[in-house]
Every structure is written in structure tokens, then in C-alpha cells.
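# An overview of the molecular structure
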Amino acid sequence: MNSIKLFINIFCLIVTNSLFSQNPKTFESYTFKNNEFYLCYRGTEAKRNLIAGDFNLSGSPATHIGIGLKVDGKDVVYNVSNERLVNNSALIVDSLKSFFHLNADLYYAGIYSRKISTNQKVKLIVCLKNNNKRKIVFDRNFILSKDDTLYCSEFVVRTLSNVFQTYYKPSKLLLKTFLYKTYFKSNYLFYYPVDYFIKNKAFKKEIEIVFKNKFL
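Below, the structure is looked at part by part.

### Things to note about the environment of Lys-133
Relative to the elements of secondary structure, Lys-133 occurs in the loop between helix 4 (118–132) and strand 6 (137–138). For Lys-133, a relative accessible area of 69% corresponds to the exposed category. C-alpha of Lys-133 to C-alpha of Ser-89: the two residues are 44 residues apart in sequence and 8.9 Å apart in space.

Rendered as C-alpha cells:
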């Protein structure tokens, strides 16, 4: 029985590697275009049940989001993270490779694109660079505010709202467990889920991969 399971695992690994090698359009080889910006999603096992399972609204496996674009010839992803601090700020400027860092915990990668005018891109870059000069604190309480305490999807929504001068209405979630009601001190949560823009028709899906031999 053990030998059969080992054979199946090896076979699945070979198939996975074959699919990756035959499909050059993976996040590892992807490059950003100058006339687009991107929403970069990743999913990690540590946050899978909590974020994707309880708070995403579209069924997306994403647990984290950042804004990607080409700046000074480099592909970068701006994202607010609770995993580490840079210059005492939760705002991280990753490369594509570091954003989708491959480890045992990563199970999902997604990239969505949207066309952007030259003026809009300039405004987006200025907005992102200005945020990078500030001390962003990761918001563990998911409270919508106008200060520098933000979580990943709130940062994305606020940035795009400034660039496109658009109001994005927060989602309303009925909290069903005593634990959540106690933590958030409410029966409802008004927030921006990680998958807030997943079904927005302004964005085009470029790449979506579920690892561990599962593909979307």
C-alpha cells in the first residue's frame, strides 16, 4: 500500500513539473507591462481557513493581496503585511519572486491586470511612493479608518480609490461565531475582503495556479 502511495505521489509530481515546463505563462516568468497595473494574490496554508474560508466572499483561495506594476524598469509589488517590517513599516515593496516566495506554505498564486493611462500610472506611483515614506501599522482589528493603520486589502482599496477617484463600498459580513463577535465587538464586520476585486470586470485574470497538484 505504501509503495502505491509513493508511486502516485511521484507521478503527480512529474505531471505537475511537466505542466509548469509546458506553460511559460507562470508567475515565475511573468513580467509586467508599462500600460497596466496588477492585483497580485497569494494563498498560504497558515491563513487558509481563517482568511479564505471565513472572510472571502467569492470562494477565492487568496489570503493576501498587493498592487503590482513596473517602476523604473522593475516589476514590484506593494503590499501591507503582518509577516515582517521594513523601516518600521508594514508596507513591503516586493519583487514578483519575493512576493510569491516558494515554500511549503504557499498553495495559491494569482495575477489580475487592468489597463491604466499614463497619467493614472504616474498618480499611482506617486501614491505608492508616498505611502512608502510613512509608517504603516498592520491593522489586526480590521477597523476601517483614515489613519495609517491598514490591512492588505484595505491598503489596496484606499490606493485605487485615490487613483481612480472612486468610492468602493465595504462589504458587510454577519459574524456567526461567538469568537468573532467577541473579537470584533460586533455582530457584523464592515471590511474589504482579500477577494474584493476578483469579480470586478475591469480586471483580467492573467495567471491563477493552485499548487500541490491542483490547478484552476
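### Topic: the pattern of salt bridges
Going through the model one piece at a time under the given rule, you end up with 8 salt bridges. A salt bridge links Asp-94 to Arg-84; the shortest N-O distance between them is 3.0 Å. Of this pair, Asp-94 sits in strand 4 (residues 91–95) while Arg-84 is found in the loop between strand 3 (74–80) and strand 4, placing the two residues 10 residues apart along the sequence. For Asp-94, a relative accessible area of 3% gives the class buried. The residue Arg-134 makes a salt bridge to Asp-148 at a minimum N-O spacing of 2.1 Å. Of this pair, Arg-134 sits in the loop between helix 4 and strand 6 while Asp-148 sits in the loop between strand 6 and strand 7 (149–150), and the two are 14 residues apart along the sequence.

### Here's the deal with the sheet that holds strand 4
What the 6 strands build is an open sheet, ordered 4-3-2-1-5-10; its pairing is antiparallel. Edge strands, defined here as strands with exactly one partner in the open sheet, are strand 4 and strand 10 (204–210). Averaged over all adjacent pairs, the angle separating strand axes in this sheet is 25 degrees, with direction ignored. As paired elements, strand 2 (residues 64–71) and strand 3 share 5 bridges and run antiparallel to each other.

### What about the packing of aromatic side chains?
Given two aromatic rings, their pairing is described by the distance between the two centres and the angle made by the two planes. Evaluation of the coordinates by the stated rule reveals 19 aromatic pairs. Judged by centre distance (5.0 Å) and plane angle (85 degrees), the ring pair of Phe-99 and Phe-100 falls under edge-to-face. An aromatic cluster is built from Phe-37, Phe-164, Tyr-168, Tyr-192, Tyr-196, Phe-197 and Phe-203, whose rings are joined through pairwise contacts. Above the face of the Phe-99 ring, Arg-42 is positioned so that its terminal group lies 4.7 Å from the ring centre. Over the ring of Tyr-107 we find Arg-48; its NZ or CZ atom is 4.0 Å from the centre of that ring.

### Some points on unusual backbone geometry
The phi dihedral of Phe-142 is positive, around 55 degrees, even though this residue is not glycine. One can find Phe-142 in the loop between strand 6 and strand 7. Look at Lys-185: it is not a glycine, yet its phi comes out positive at around 55 degrees. Structurally, Lys-185 can be placed in the loop between helix 6 (178–184) and strand 9 (188–191).

### Regarding helix 4
Taking 1.5 Å per residue as the helical rise, helix 4 with its 15 residues ought to reach 21 Å, and the 21 Å between its terminal C-alpha atoms agrees with that figure. When helix 4 is considered as a whole, its buried residues turn out to be Lys-121, Leu-124, Ile-125, Cys-127, Leu-128 and Asn-131. End-on, the buried residues of helix 4 take up no more than an arc of 165 degrees, which puts them together on one face. Of the exposed residues in helix 4, the ones pointing more than 90 degrees away from its buried face are Thr-118 and Asn-119.

Criteria and thresholds
Residues numbered from 1 in each chain as written. Predicted model: local features only at pLDDT ≥ 70, side-chain atom pairs only at ≥ 80, totals over all residues. Heavy atoms only, no water. Helix = DSSP H or I, 4+ residues; strand = E, 2+ residues; numbered from the N terminus. Buried < 20%, exposed > 50% of the residue type's maximum accessible area, 1.4 Å probe, protein only. Salt bridge = Lys/Arg side-chain N within 4 Å of Asp/Glu carboxyl O. Pairing = 2+ DSSP bridges. Axes fitted to C-alpha atoms, helices over the stretch in contact; angles between N-to-C directions. Phe/Tyr/Trp six-rings, centres within 6.5 Å; stacked < 30°, edge-to-face > 60°. Lys NZ or Arg CZ within 6 Å of the ring centre and 35° of its normal. Expected span 1.5 Å × (residues − 1). Arc of directions from axis to C-beta.

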